[in-house]
Amino acid sequence: MTVPPAALDPLNTAVLTITCPDRGGIVAAVSQFLHNHGANILHSDQHSTDPAGGTFFMRMEFHLAGLDLARDQFERAFATVVAAPFGMEWRVAYTTEPKRMALLVSRYDHCFLDLLWRKRRGELNIEIPLIISNHEDLRRDAEMFGIPFHVVPVTKDTKAEAEAEQVRLMHEAGADFAVLARYMQILSGDFLRSFGRPVINIHHSFLPAFVGANPYRAAFNRGVKLIGATSHYVTEELDAGPIIAQDVIPVTHRETPDSLMRIGRDVERQVLARAVKAHVEDRVLVYGNKTVVF
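If you check an unreviewed UniProt entry, the protein chain appears there as Formyltetrahydrofolate deformylase from Deinococcus sedimenti. In UniProt, the protein chain has this text filed under Pathway (unreviewed entry): "Purine metabolism; IMP biosynthesis via de novo pathway; formate from 10-formyl-5,6,7,8-tetrahydrofolate: step 1/1." What the UniProt record of the protein chain gives under Catalytic activity (unreviewed entry) is the line "(6R)-10-formyltetrahydrofolate + H2O = (6S)-5,6,7,8-tetrahydrofolate + formate + H(+)".

Undergrad: Describe the pairing of strand E3 (residues 55-63), naming the residues involved and giving the relevant values.
TA: Taking burial as the measure, the nine residues of E3 include nine buried ones, the bulk of the element. Burial along E3 is two-sided: Thr 55, Phe 57, Arg 59, Glu 61 and His 63 facing one way and Phe 56, Met 58, Met 60 and Phe 62 facing the other are all buried. Of the pairings in the sheet, the one linking strand E1 (residues 13-21) to E3 comprises nine bridges and is antiparallel in character. The partner of Ile 18 across the bridge, within E3, is Met 58. Bridge count for strand E2 (residues 40-48) against E3 is eight bridges, and the pairing is antiparallel. From the neighbouring strand, Asn 40 faces E3, where its bridge partner is His 63. From the end of E2 to the start of E3, which pair antiparallel, there are six residues, and Gly 53 there has a positive phi angle of about 85°.

Undergrad: Requested: an account of the environment of Gly 189, with residues and values cited.
TA: Positionally, Gly 189 belongs in helix H7 (residues 189-195). For Gly 189, a relative accessible area of 10% puts it in the buried group. Between the C-alpha atom of Gly 189 and that of Asn 289, which follows or precedes it by 100 residues, the distance is 16 Å.

Undergrad: So what about the sheet that holds E3? Which residues, and what values?
TA: In sheet architecture, strand pairing relies on hydrogen bonds along the backbone and comes in two forms, parallel and antiparallel. Taken in spatial order, the four strands of this open sheet run E2-E3-E1-E4, and their pairing is antiparallel. The sheet is open, and its two borders are formed by E2 and strand E4 (89-94), each paired with just one other strand. Going from strand to strand, the sheet's axes swing by 10° on average, the running direction of each strand aside. Pairing between E1 and E4: six bridges, direction antiparallel. Among the inter-strand pairings, Val 15 is bridged to a residue of E4, identified as Ala 93. Contacting E1, E2 and E3, helix H2 (residues 26-36) crosses the sheet at an angle of about 20° to E3.

Undergrad: Residues and numbers for the pattern of salt bridges, please.
TA: Side chains that carry opposite charge are capable of pairing whenever their charged atoms lie near each other. Counted under the stated rule, the structure contains 21 salt bridges. A salt bridge links Asp 114 to Arg 118; the nearest nitrogen and oxygen atoms lie 2.6 Å apart. Of this pair, Asp 114 and Arg 118 both sit in helix H4 (residues 110-120), four residues apart, which is roughly one turn of the helix. Neither residue differs from the other here; Asp 114 and Arg 118 are each classed as buried. Linking Arg 193 and Asp 190 is a salt bridge whose minimum nitrogen-to-oxygen distance equals 2.8 Å.

Undergrad: Lay out the pairing of strand E10 (residues 226-233) in plain terms, naming residues and giving numbers.
TA: With seven of its eight residues buried, E10 lies for the most part within the structure. Pairing between E10 and strand E11 (residues 243-250): seven bridges, direction antiparallel. Paired with Gly 228 across the bridge in E11 is Val 248.

Undergrad: Which residues make up the sheet that holds E11, and what are the values?
TA: Taken in spatial order, the seven strands make up an open sheet running E7-E6-E5-E8-E9-E10-E11, and their pairing is mixed. Here the strands that pair on one side only, and so sit at the sheet edges, are strand E7 (149-151) and E11. In this sheet, neighbouring strand axes are inclined to one another by 20° on average, regardless of whether the strands run parallel or antiparallel. In terms of strand pairing, strand E6 (residues 126-133) meets E7 through three bridges, oriented parallel. For Ser 133, the partnering residue across the bridge sits in E7 and is Val 151. Each of strand E5 (99-105), E6, E7 and strand E8 (177-180) is contacted by helix H6 (residues 159-172), which is oriented at about 160° to E6, the strand it contacts most.

Undergrad: Outline helix H9 (residues 257-280), supporting the account with residue identities and numerical values.
TA: The end-to-end C-alpha distance of H9 is 34 Å, a good match for the 34 Å that 24 residues give at a rise of 1.5 Å each. Asp 282 sits one or two positions beyond H9 and adopts a positive phi of about 55°.

Undergrad: Please provide a residue-by-residue account of the environment of Met 170, values included.
TA: Here Met 170 lies in helix H6. Relative accessible area serves as the criterion here: at 0%, Met 170 is assigned to the buried category. Placed 11 residues apart in sequence, Met 170 and Ala 181 show a C-alpha to C-alpha distance of 15 Å. With residues near it in sequence (within four places) discarded, Met 170 still touches Ala 102, Leu 104, Leu 130, Ile 132, Ala 175, Ala 178, Phe 191 and Phe 195.

Undergrad: With reference to specific residues and values, describe the packing of aromatic side chains.
TA: As enumerated under the stated definition, the model contains six aromatic pairs in all. Both rings, one in Phe 33 and one in Phe 74, keep their centres 5.5 Å apart while their planes meet at 50°; by these two values the pair is tilted. Linking Phe 33 in helix H2 with Phe 74 in helix H3 (residues 71-86), this pair joins segments that are 41 residues apart in sequence. With respect to class, Phe 33 is no different from Phe 74; both count as buried. Between the aromatic rings of Phe 62 and Phe 74, the centroid separation amounts to 5.7 Å while the plane-to-plane angle is 45°, which identifies the pairing as tilted. Of this pair, Phe 62 sits in strand E3 while Phe 74 sits in helix H3, placing them 12 residues apart in sequence. Using a relative accessible area of 1% as the deciding quantity, one classes Phe 62 as buried. Through a chain of ring-to-ring contacts, the aromatic side chains of Phe 33, Phe 62, Phe 74, Phe 78 and Trp 90 assemble into a single cluster.

Parameters and conventions
Residues numbered from 1 in each chain as written. Predicted model: local features only at pLDDT ≥ 70, side-chain atom pairs only at ≥ 80, totals over all residues. Heavy atoms only, no water. UniProt positions renumbered as here; feature names shortened; annotations may be inferred. Buried < 20%, exposed > 50% of the residue type's maximum accessible area, 1.4 Å probe, protein only. Helix = DSSP H or I, 4+ residues; strand = E, 2+ residues; numbered from the N terminus. Pairing = 2+ DSSP bridges. Axes fitted to C-alpha atoms, helices over the stretch in contact; angles between N-to-C directions. Contact = heavy atoms within 4.5 Å. Salt bridge = Lys/Arg side-chain N within 4 Å of Asp/Glu carboxyl O. Expected span 1.5 Å × (residues − 1). Phe/Tyr/Trp six-rings, centres within 6.5 Å; stacked < 30°, edge-to-face > 60°.

Encoded structure:
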């Protein structure tokens, strides 16, 4: 039997994510619907906060080669037949439609370059339509990757105007989400509301931890034995948004502030990349100020 080319295409897939009140029959209803319409389930993950009256989360990845409906018809049918009876919040994402990521950066280049390299190597199924910075320093790097680089200076007196321009640029570029790759400005609530899409940040510590302008000096002075990084969604409450990924690395008394910084930046790169990958692959479901990461 000859397998159709479409059946071999790893990009011919979709991801269905669901959040709803937990009750019996959810998995069966979703699986039966997909089977009835010719979709082949590849991966399925689910979690319940409490089987008796809790919240149910699901991520189901399926192949589209045998689907008997057009995408819009499929989604309308799912909304009526499955989602409505179970009170679901849901969405379908297609791997043939890469998410468009706006990248915001200041002067530190380690997270910024790491994401660009991973994109170029095909590790992240994304498009990067623009980079925004409040400094000129990284323009040449952006141009090496062929990505438009916009400098929007930010001062205390011009912050509102600068944020409005940043949001305008991101909307114009069709950005689906934004990543702060060590963008050293605090985003206002107005920015977050105007952009209206997820924003991912990387924090240079294992939250909650040392605060202030020089956390590595503070960590050195305290004699820490672990340093880490935290990636989270940005909310109006500073560094308190839902956490997507974290990691730590052991250190010893032999470290200096400079070596701690080098080690810490390596952790930041890895943690931010994991968080972005999880978001891009629709593995993150936000629940209050927490996340379920499949």
